[in-house]
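# Examination of the molecular architecture
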Amino acid sequence: MEERISKQELMKMYKVNRSTIEEWRRRFGLPMIEISSHKKYIRREDLMKWENQMKNGKCELELNNSGIS
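In short, a report on the structure. From a predicted model like this one, the values you see are computed outputs, not experimental measurements. All residue numbers refer to position in the chain's written sequence, counted from 1. Only residues with pLDDT of at least 70 are given local features in this predicted model, and only at 80 or more are side-chain atom pairs given and counted; all residues enter the totals for whole chains, interfaces and linings. As a convention, hydrogens and water are excluded, and side-chain values are obtained from all of the structure's heavy atoms.

What follows covers the pattern of salt bridges. For this analysis, a salt bridge means a side-chain nitrogen from Lys or Arg found within 4 Å of a carboxyl oxygen belonging to Asp or Glu. Under the counting rule described, the total for this entry stands at 10 salt bridges. Taking the shortest distance from any N to any O, the salt bridge between R43 and D46 comes out at 3.2 Å. Categorising residues by exposure relies on relative accessible area from a 1.4 Å probe, with only protein chains included: less than 20% of the type maximum marks a residue as buried, more than 50% marks it as exposed, and the intermediate range marks it as partly exposed. Overall, the relative accessible area of 30% leaves R43 in the partly exposed class. One continuous salt-bridge network, built from bridges that share partners, spans K7, E22, R25, E34 and K40.

A few words on the sheet that holds strand 3 (residues 39–43). Taken in spatial order, the three strands line up as 1-3-2 in an open sheet, and their pairing is antiparallel. The outermost strands of the open sheet, each flanked by one partner alone, are strand 1 (4–6) and strand 2 (33–36). Going from strand to strand, the sheet's axes swing by 35° on average, the running direction of each strand aside. Sitting on the sheet, helix 1 (residues 7–14) touches strand 1 and strand 3, and the angle it makes with strand 1 is about 80°. Strand pairing is assigned whenever DSSP identifies at least 2 bridges connecting the two strands. Secondary structure elements are taken from DSSP: a helix is a run of H or I of four residues or more, a strand is a run of E of two residues or more, and numbering for both begins at the N terminus. Lines are fitted to the C-alpha atoms to define the axes, a helix being fitted only along its stretch in contact, and any angle between axes, read from their N-to-C directions, falls within 0 to 180 degrees. In what follows, a contact means two residues having at least one pair of non-hydrogen atoms within 4.5 Å.

We now examine the nonpolar core. Counting residues in each nonpolar core, the largest one holds 12 residues, listed as I5, L10, M11, I21, W24, F28, L30, M32, I42, L47, W50 and M54. Among the elements of the structure, helix 1, helix 2 (18–28) and helix 3 (44–65) are those that each provide at least two residues to this core. When sequence neighbours within four positions are dropped, the list of residues in contact with I5 reads L10, M13, Y41, I42, R44 and L47. For this analysis, a nonpolar core means a set of buried residues of the types Ala, Val, Leu, Ile, Met, Phe, Trp, Tyr and Cys, connected via side-chain atoms within 4.5 Å.

For the rest of this paragraph, the subject is the environment of I42. As for its placement among the helices and strands, I42 is situated in strand 3. The buried category is assigned to I42, whose relative accessible area is 0%. Note: C-alpha distance between I42 and I5 (37 residues apart in sequence) is 5.3 Å. Aside from chain neighbours lying at most four places away, what touches I42 is E3, R4, I5, L10, L30, P31, M32 and L47.

See below:
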């Protein structure tokens, strides 16, 4: 079975709060799976793919398109 990382674990890994994770979901497409309003997780493989996209410039493109520099 694939490894799952909970929202709480992500918060600890990246040292960010809950609203930051939600912002990453909305603005940058962090592929969280929502089981219920209080139960969300991401597959480790999906997280690695998302991180690589951010490292390869997708993050800059999103920020530039939103008017933030």
